[in-house]
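# Structural overview for review
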Amino acid sequence: MTVETAKHRELGLTDSEFELIVEKLGREPNDVELAMFSLLWSEHCAYKHSRKLLRRLPTEGERVVMGPGENAGAVDIGNGHAIAFKVESHNHPSAVEPFQGAATGVGGILRDVFALGARPIAILDSLRFGELDSVRSRHLLDGAVRGIGHYGNSIGVPNVGGEIYFEAPYEHNCLVNAMCVGIARTEDMVRAAAAGVGNAVVLMGASTGRDGIGGASVLASAELGEGDDAKRPTVQIGDPFEESKVLECCLELLGKGLLVSLQDLGAAGLTSSAGEMASAGGVGIDLDVARVPLREADMEPFEIMVSESQERMLGVVEPAKVAEVIAVCAKWQTGAAEIGVVTDSGRVRVLRDGEVVGDMPVEALVDGCPLYDLSPAEPAGWMYGNRATVSRDATSGETLLDLLGSPSVASKRWAFEQYDSVVGSRTVRRPESADAAVLQVPEAGNAIAVSIDGNGRRVACDPYAGTIEAVLECAQNLACVGAEPLGLTNCLNFGNPEKLAPAWQLDRAVSALAEACEALGVPVVGGNVSLYNEGPEGPIYPTPVVGMVGELPDPARACGSAFLHEGDAIALLGPFEPSLAGAELTKLRGELDTGLPQPDVAAVAAACATVREAVRAGKLSSAHDVSDGGFACALAESAIAAGIGCRVDLQPLRERGCSPDEALFGEGPGGFLLSGSREALESLGATLIGETGGTTIEVAAGDRSFTVDLGAAESAWHSLSERVSEV
Amino acid sequence: MRWGVLQFPGSCDERDALHACSLVGDARLLWHEERDLEGIDAVVVPGGFSYGDYLRAGAIARFSPAMEAVAGFAAAGGPVLGICNGFQVLCEAGLLPGALLLNESTRFTCRQLDLIPADGTQIDLYRGKSSRRPTLSIPAKHGEGRFWAPDEVLDRLEENGQVAYRYAPGQNPNGSARDIAGVRNEAGNVVGLMPHPEHAVDPLTGSTDGLRVFEAVAAAGARR
Amino acid sequence: MPRARVLIRPKEGILDPQGKAVERALPALGFEGIEHVHVGRMVELDVEDPARLGELCEKLLANPLIEDYEIEQLDGAG
């Protein structure tokens, strides 16, 4: 074993991958080339274990303007405008340095959206940590929320929704998935493909330092082990002020038609953006690293090519327009440097002061990475352990309070109050006021709804059914505000794909995602995969996170989830068949096991349509999807938010064949909790179960009936802030 | 009424402020390098993170050419409204007394809350309703909004009627002295407040109580 | 060029929530017997004319209403 071959292994390449590179180059790669290949051929950039699976996903639709493969996806919203959106993960960096990891996750997804020419108008985030009794998890939660708030608030994009879960399998590998939504005039949108041989390549934004060097291959393609403090220097530091200037600058450049194409610099920095732009355009690129504005002295060519310094964008510009581009950048006080040229060589060439220091075929670099098949095998039984924290002897009233106070179920007000949710004046429905965020779109005379959802624990019980549920959850949330889904983005967070069980989970989940999207007629317009989320104690729960954007004609009709009037009737609508399998209560009782009922996608879709039309017609006072904690929690949430109690009899639900416990706390898709006039609810075919009013939550459910004081329920539901500040 | 809304690198609520002003007059943006306030009847220094809040919130923005022009405008009695970061800029510039410090919770807080305007309205929060609602429902969203001044200065502000807005009892989001949410200068033409009236002008996105803040500034301008 | 360091700290008597938050977090991390924590800022700069530092501090680097500052010449010059 020579020193040479050991180097490639340190960078994450297998021996056979190295040999393939040698074959494609016709020689051994030098250091610059080896660094670039190691990053672009890493799991994080090349998707080598997932790309074949992702081909199963439906990506076409008549409203699709940009599909997978561009910086973000986009759908037509009407009147010549498009809504761009995407979700991305920043899991490994956040587990090491949560503030900067989460902040730069937001920065990165913002850049993906404005790289299309879309102005970002909303951020959502999906976070998962270990249980809150762990000091580490409290530290990660605190840092991540501060980081997301810091970046989003500073740049002036509202954070309008999200979710936070606390489960032991995420203790070593937290999940930070950030979603961004933007708006653009469809004809102004720009693609990433470099074009025009002889055109200049211009680097804009912040100067280049040593941030995140080796980040992609070192952090995201390997499991986190002991001593990951030593990985701290590779975490990127974000500057939202710089990004705000770069954003305005890029939008002005695009508005003036000064850019042929635009790409953001994310994982693997200049290497990936230049490579991907060249590949998409079928051209070549020459870059001179001596012309890259540097923040640190004496950076080597390979460092410059793989640096992950933030807030940088790469543009292709016609030579005659370069001076004007530089002038616009100067106006916005952000950097600009002409660093290269588009060629017809089909190669990426790296030069230093005119001398070639790296020369690779584009195709080999960007598309030449081998794609691997998984070797999936279903694990025998539940592999994640159990821990009981509530007693089976608790009364149902006590159980309700336990569930409402359970950090995964409880109000996330502690977190979302740290985010600006109103800047931009579009937010019609703020966090936790409705099941989905609603933003007005005066440009198209309508509005959009956005939701981000996933439930790793239920996917662990049954990856197929659990993933279908995640898609249905999103669709139900959109229906509650009267929105029809237009497109979906997803982030697949899984363990080590080279191991049997995570491979099986990933395979099943992608197939389920494809089935659910086809059945609902919702195309996948983009997404992200994060693998190798495993620690010394095993993999995370398999966690497909789904983000959906929908449209609604009249934002004034978007229903909230809180009851509106005393004396309204309450009803259940939809094919809801609650089961305790995979439920939050089952987790708290320490009784989790494999298996979930199979969802009836068509029936749930029909219920969504009914609720959607009723909301649009203004027939309802409130609409709330039944999810974590089951029906009793959904009731309590609608009551607490309104300060209005309720009296309900769950006998009609029990007649579907479930026990009192299942009726109260069982979970599953297809349940809508509605309130309004009796006549309106009956006209929808909903099942009347009670009415709003009073200061207690009173539920009749056989021998598990209970009455809970509204004030006690509210205290339990708002207990997260105390739990977080326990020092 | 012709409004000028300042725009610094890092401002983010200036477009919302521009829209709100255009509901009560004509409005245009003033780039931070402009010194010309020709034709402007009232100036708004908006919210956001001018210059990234680097060093101290508002500390760098106050030296911009536009702010120098605003200082002259204010000295001549022109109405100036500072919102959130704008309030911070005006304090740093010495156009308003006191300073805005880190929230007591050390966290950014975004919340709809009730403000009590000191405009002479009879406030009777506990016994029945007055014909005009005594409080304004307006969102606050800031990390450094704790108003502070030495006790002698606070006493003087109270005596002179310079406390323009106060948080309703129990709703102080940042620990500011005496629940102060906004203050006026002695002459009364410069007002700063931490909450964001420009985010309370559309019933679709919240309340419309914010319009009253702009109307009050417009009325002060009209009296010149 | 001479190099200087300016230390800026919150004035005594003004609530310093950052300092308090740090102080409160210390015992859980295994640090006992630490009190009166204050968090401030440090600015380092090369300055041609050190005589102007006072003015720079008063006007920009510190807010004299709420902060105290201390200037340190780093090269031993002046």
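Residues numbered from 1 in each chain as written. Chains lettered and ligands numbered in written order. Predicted model: local features only at pLDDT ≥ 70, side-chain atom pairs only at ≥ 80, totals over all residues. Heavy atoms only, no water.

Residue and element names in this part refer to chain A. If you trace the seven strands from one edge of the open sheet to the other, you get β8-β10-β7-β11-β9-β12-β13, paired in mixed fashion. The strands lining the two open edges of the sheet, one partner per strand, are β8 (261–264) and β13 (355–361). For this sheet the average axis-to-axis angle between neighbouring strands, irrespective of direction, equals 25°. Pairing geometry for strand β9 (residues 284–288) and strand β12 (residues 347–352), over four bridges, is parallel. Across the sheet, the residue bridging to Asp288 is Leu351, located in β12. Packing of helix α10 (residues 240–255) onto the sheet brings it into contact with β7 (200–205), β8 and β10 (312–317), and relative to β7 it is tilted by some 145°. (Pairing = 2+ DSSP bridges. Helix = DSSP H or I, 4+ residues; strand = E, 2+ residues; numbered from the N terminus. Axes fitted to C-alpha atoms, helices over the stretch in contact; angles between N-to-C directions. Contact = heavy atoms within 4.5 Å.)

This part is about the side chain of A:Asp112. Residues and elements named next belong to chain A. Checked against the element boundaries, Asp112 lands in helix α7 (residues 98–114). On the accessibility criterion, Asp112 (5% relative accessible area) is buried. Dropping the residues within four chain positions of it, Asp112 is found in contact with Asn71, Ala72, Lys86, Glu88 and Asp264. (Buried < 20%, exposed > 50% of the residue type's maximum accessible area, 1.4 Å probe, protein only.)

Here the focus is the interface of chain B and chain C. Taken together, the contacts link 16 residues of chain B with 15 residues of chain C. Interface area for chain B against chain C, summed over the two sides, is near 1,300 Å², with a carbon-plus-sulfur share of 70%. Three residues, B:Leu55, B:Arg56 and B:Trp148, lead the burial of chain B against chain C; their summed loss comes to 40% of the area buried on that side. Joining chain B to chain C, the criterion identifies one salt bridge. Inspection of the chain B/chain C interface yields four residue pairs in polar contact (both at pLDDT 80 or more). For the side of chain B that touches chain C, the elements supplying multiple residues, two or more each, are β5 (99–101) and β8 (146–148) of chain B. Looking at the side of chain B that touches chain C residue by residue, the classes come out as eight nonpolar, three polar and five charged. (Buried area = accessible area lost by both parts, 1.4 Å probe. Salt bridge = Lys/Arg side-chain N within 4 Å of Asp/Glu carboxyl O. Polar contact = N/O pair within 3.5 Å; in protein donor to acceptor, adjacent residues only side chain to side chain. Nonpolar A, V, L, I, M, F, W, Y, C, P; charged D, E, K, R; others polar.)

With that settled, the discussion passes to the interface of chain A and chain B. Accessible area lost upon the coming together of the parts is a frequently used measure of interface size. Facing 32 residues of chain A, the contacting portion of chain B comprises 27 residues. Per-residue buried area on chain A facing chain B is highest for A:Phe241, A:Glu417 and A:Arg430; these three make up 25% of the total on that side. The interface formed by chain A and chain B contains four salt bridges. Among the ionic pairs, B:Arg107 bridges to A:Asp142, the shortest N-O distance being 2.6 Å. For the pair chain A and chain B, the number of links is 13 residue pairs in polar contact (both at pLDDT 80 or more). Counting residues per element, the ones that place at least two in the side of chain A that touches chain B are α8 (135–155), α10 and β14 (427–429) of chain A. If one sorts the elements of the side of chain A that touches chain B by residue count, α8(A) sits on top with five residues. Of the residues in the side of chain A that touches chain B, the class split is 10 nonpolar, 11 polar and 11 charged.

Here we come to unusual backbone geometry. Of note in this structure, A:Gln333 is not a glycine but carries a positive phi near 55°. Looking at the secondary structure, you find A:Gln333 in the loop between α13 (322–331) and β11 (335–343). With phi around 55°, B:Cys84 is a residue other than glycine that occupies positive phi space. Within the secondary structure, B:Cys84 is located in the loop between β4 (80–83) and α3 (85–92).

Another point: the packing of aromatic side chains. This structure, assessed with the given rule, holds 10 aromatic pairs over all chains. The ring of B:Trp31 is capped by A:Lys331, whose NZ or CZ atom sits 5.9 Å from the centre of that ring. Over the ring of B:Phe63 we find B:Arg62, and its NZ or CZ is 4.1 Å from the ring centre. (Phe/Tyr/Trp six-rings, centres within 6.5 Å; stacked < 30°, edge-to-face > 60°. Lys NZ or Arg CZ within 6 Å of the ring centre and 35° of its normal.)

This next bit is on helix α4 (residues 151–159) of chain B. Residue and element names in this part refer to chain B. Every buried residue belonging to α4 is among Val153, Leu154 and Leu157, and all of these are buried. End-on view of α4: buried residues confined to an arc of 100°, all on one side of the axis. Set apart from the buried face of α4 by more than 90 degrees, the exposed residues are Asp151, Glu152 and Glu159. Once α4 ends, the next one or two residues include Gly161, with phi positive near 70°. (Arc of directions from axis to C-beta.)

Now for the environment of C:Asp46. Residues and elements named next belong to chain C. The topology assignment puts Asp46 in strand β2 (residues 41–46). Taking C-alpha positions, Asp46 is 29 Å from Gln18, a pair spaced 28 residues apart along the chain. Residue contacts for Asp46: discarding those within four places in its chain leaves Met1, Pro2 and Arg3.

Now for the domain arrangement of chain A. Looking at the assigned domains, one finds that chain A contains domain 1 (3–52 + 194–271 + 283–367) and domain 2 (559–717). Averaged C-alpha coordinates put domain 1 of chain A and domain 2 of chain A at centres separated by 51 Å. (Domains from an automatic or database assignment.)

Let us now look at helix α2 (residues 65–75) of chain B. All names here are of chain B. Inspection of α2 places Ala66, Met67, Ala69, Val70, Phe73 and Ala74 among the buried residues, and these make up the whole buried set. Around the axis of α2, the buried residues are gathered within 155° of arc, so they sit on the same side. Considering only its buried residues, α2 is in contact with β1 (2–7), β2 (26–31), β3 (42–45), β4, α3 and β11 (190–193).

A:Phe129, A:Leu141, A:Met204, A:Leu253 and A:Val325 are the most contacted members of the largest nonpolar core, which has 64 residues in total. Setting aside its immediate chain neighbours within four residues, A:Met204 contacts A:Cys250, A:Leu253, A:Leu262, A:Glu311, A:Arg312, A:Met313, A:Leu314, A:Gly315, A:Val325, A:Cys329, A:Gly335 and A:Ala336. Grouped together as the second largest cluster of nonpolar side chains are 63 residues, B:Ile40, B:Val43, B:Val89 and B:Ala218 included. (Core = buried A, V, L, I, M, F, W, Y, C linked by side-chain atoms within 4.5 Å.)

On to the packing of α7(A) against α10(A), then. Residues and elements named next belong to chain A. At their nearest, the axes of α7 and α10 sit 11 Å apart, and the two run at 5° to each other. In terms of their interaxial angle, α7 and α10 are classed as roughly parallel. In contact with Gly107, Leu110, Arg111 and Phe114 of α7, α10 contributes Glu243, Val246, Leu247, Cys250 and Leu254. (Parallel < 35°, antiparallel > 145°, perpendicular 65-115°, else oblique.)

Here we take up a nonpolar patch on the surface. A surface patch of nonpolar side chains, about 310 Å² in accessible area, is lined by C:Leu29, C:Phe31 and C:Ile34. Assignment of secondary structure puts C:Phe31 in the loop between α1 (17–25) and β2. (Patch = residues over 30% accessible without salt bridge, like charges linked within 9 Å, V, L, I, M, F, W, Y side chains within 5 Å. Areas by Shrake-Rupley, 256 points an atom, 1.4 Å probe, with all protein chains shown as cover.)

Residues and elements named next belong to chain B. When pLDDT is averaged across chain B, the result is 89; 92% of the residues are at 70 or more. Across chain B, the element-wise mean pLDDT spans from 85 in helix α5 (residues 210–222) up to 97 in β8. Below a pLDDT of 50 lies the segment residues 120–131, which in the model reaches 12 contacts outside its immediate sequence neighbourhood of four places, other chains included. Confidence metrics for the complex model read pTM 0.94 and ipTM 0.93. (pLDDT = per-residue confidence, 0-100.)

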